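# Residue-level structural notes
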Amino acid sequence: GQEAMFGCLDFAPEQLPADKPRYLMGVGKPDDIVGAVKRGIDMMDCVLPSRSGRTGQVFTRNGVVNIKNARHADDPRPLDEACTCPACSKYSRAYLHHVFRSQEMISGMLLTWHNLHYFQEIMQGMRDAIAAGTFAAWEADFHAGRAQGDIEPL
Ligand SMILES: [Zn+2]
């Protein structure tokens, strides 16, 4: 679990050469990634953005959205109004819900596209915050957004 992983990461990165990149295999959810980078990890890989996208699970700055839920069936809003990915800028939750329920291939493609875009935004945000010396503030904003939860149903 996350607590055990963070316990290892509180110790392990300091044992590795400081001038070499630090790789963590198979991680993970957005808060796992942020916690790992906070503890000195430089890079990681995971199937989660694409596997979740194929199964209707989407990660947003306000937490997890399950597009298969009926609450999205008539919702004209995007997955995440602040996201600039093609799935959010061109398609509604209602459309994404419909194509997921219809088992259309485009569903997994669009939801994966959004998830990858979001994960890249997280990584870019952390890189920028580390360079600016503002990681703690960035992390607090990240957790505050995730704690809000998804927007209210219409
Ligand atoms: Zn998006």
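Residues numbered from 1 in each chain as written. Predicted model: local features only at pLDDT ≥ 70, side-chain atom pairs only at ≥ 80, totals over all residues. Heavy atoms only, no water.

Moving on, we come to the overall build of the protein. Helix and strand content of the protein: seven helices and four strands. Along the protein, helices and strands appear, N-terminal first, in the series α-β-α-β-α-β-β-α-α-α-α. Its C-alpha atoms give the protein principal-axis dimensions of roughly 50 × 25 × 25 Å. The buried share among the 154 residues of the protein stands at 43%. When contacts within the protein are restricted to residue pairs at least 6 apart in sequence, those whose partners lie at least 24 apart make up 58%. If you sum the accessible surface of the protein, you get close to 8700 Å²; carbon and sulfur atoms cover 55% of it. (Helix = DSSP H or I, 4+ residues; strand = E, 2+ residues; numbered from the N terminus. Buried < 20%, exposed > 50% of the residue type's maximum accessible area, 1.4 Å probe, protein only. Contact = heavy atoms within 4.5 Å. Areas by Shrake-Rupley, 256 points an atom, 1.4 Å probe, with all protein chains shown as cover.)

Bound to the zinc ion are the protein donor atoms Cys83 (SG), Cys85 (SG), Cys88 (SG) and His114 (ND1), situated 2.0 to 2.3 Å from the metal. Of note, the donors binding the zinc ion are all from one chain and are spaced C-x1-C-x2-C-x25-H. Residues Cys83 and Cys88 agree in their burial class; the two are buried. (Donors = N, O, S within 2.8 Å, 3.2 Å for Na, K, Ca; no water.)

Moving on, we get to the pairing of strand E3 (residues 57-60). Direction of pairing for E3 relative to strand E4 (residues 63-66): antiparallel, over a ladder of four bridges. If you follow Gln57 over to E4, its bridge partner there is Asn66. In this antiparallel pair of consecutive strands, E3 and E4, the connection spans two residues. (Pairing = 2+ DSSP bridges.)

Our next topic: the nonpolar core. Counting 19 residues, the largest nonpolar core has Leu9, Leu24, Ile33, Met44 and Met126 as its most contacted members. Within the residue set of this core, elements represented by two or more residues are helix H1 (2-9), helix H2 (30-38), helix H6 (105-132) and helix H7 (135-148). Membership of the second largest hydrophobic core comes to twelve residues, among which are Val65, Ile67, Cys83 and Leu111. (Core = buried A, V, L, I, M, F, W, Y, C linked by side-chain atoms within 4.5 Å.)

Attention now goes to a nonpolar patch on the surface. The grouping of Tyr23, Met25 and Met43 at the surface amounts to a nonpolar patch, some 340 Å² of accessible area in total. Mapping Met43 onto the fold places it in strand E2 (residues 43-45). Take Met43: its relative accessible area is 38%, and that puts it in the partly exposed class. (Patch = residues over 30% accessible without salt bridge, like charges linked within 9 Å, V, L, I, M, F, W, Y side chains within 5 Å. Salt bridge = Lys/Arg side-chain N within 4 Å of Asp/Glu carboxyl O.)

Turning our attention to the packing of aromatic side chains. The full count for this structure, using the stated rule, is five aromatic pairs. Ring geometry for Trp138 and Phe142: centres 5.5 Å apart, planes at 10°, overall stacked. Of this pair, Trp138 and Phe142 are both found in helix H7, four residues apart, which corresponds to roughly one turn of the helix. Assessed through its relative accessible area of 8%, Phe142 is described here as buried. Site record: aromatic cluster; members linked through ring pairs are Phe59, Tyr118 and Phe119. (Phe/Tyr/Trp six-rings, centres within 6.5 Å; stacked < 30°, edge-to-face > 60°.)

Along the chain, His72 turns up in the loop between E4 and helix H4 (86-90). Residue class for His72 comes out buried when judged on its relative accessible area of 1%. Setting aside chain neighbours within four positions, we find His72 in contact with Val65, Asn66, Ile67, Arg93, Ala94, His97 and Asp150.

What follows concerns the environment of Asp19. Looking at where Asp19 falls in the secondary structure, it is placed in the loop between H1 and strand E1 (23-25). A residue is classified by how much of its surface remains accessible, and Asp19, at 64% relative accessible area, is exposed. Distance in space between the C-alpha atoms of Asp19 and Cys83 is 35 Å, their sequence separation being 64 residues.

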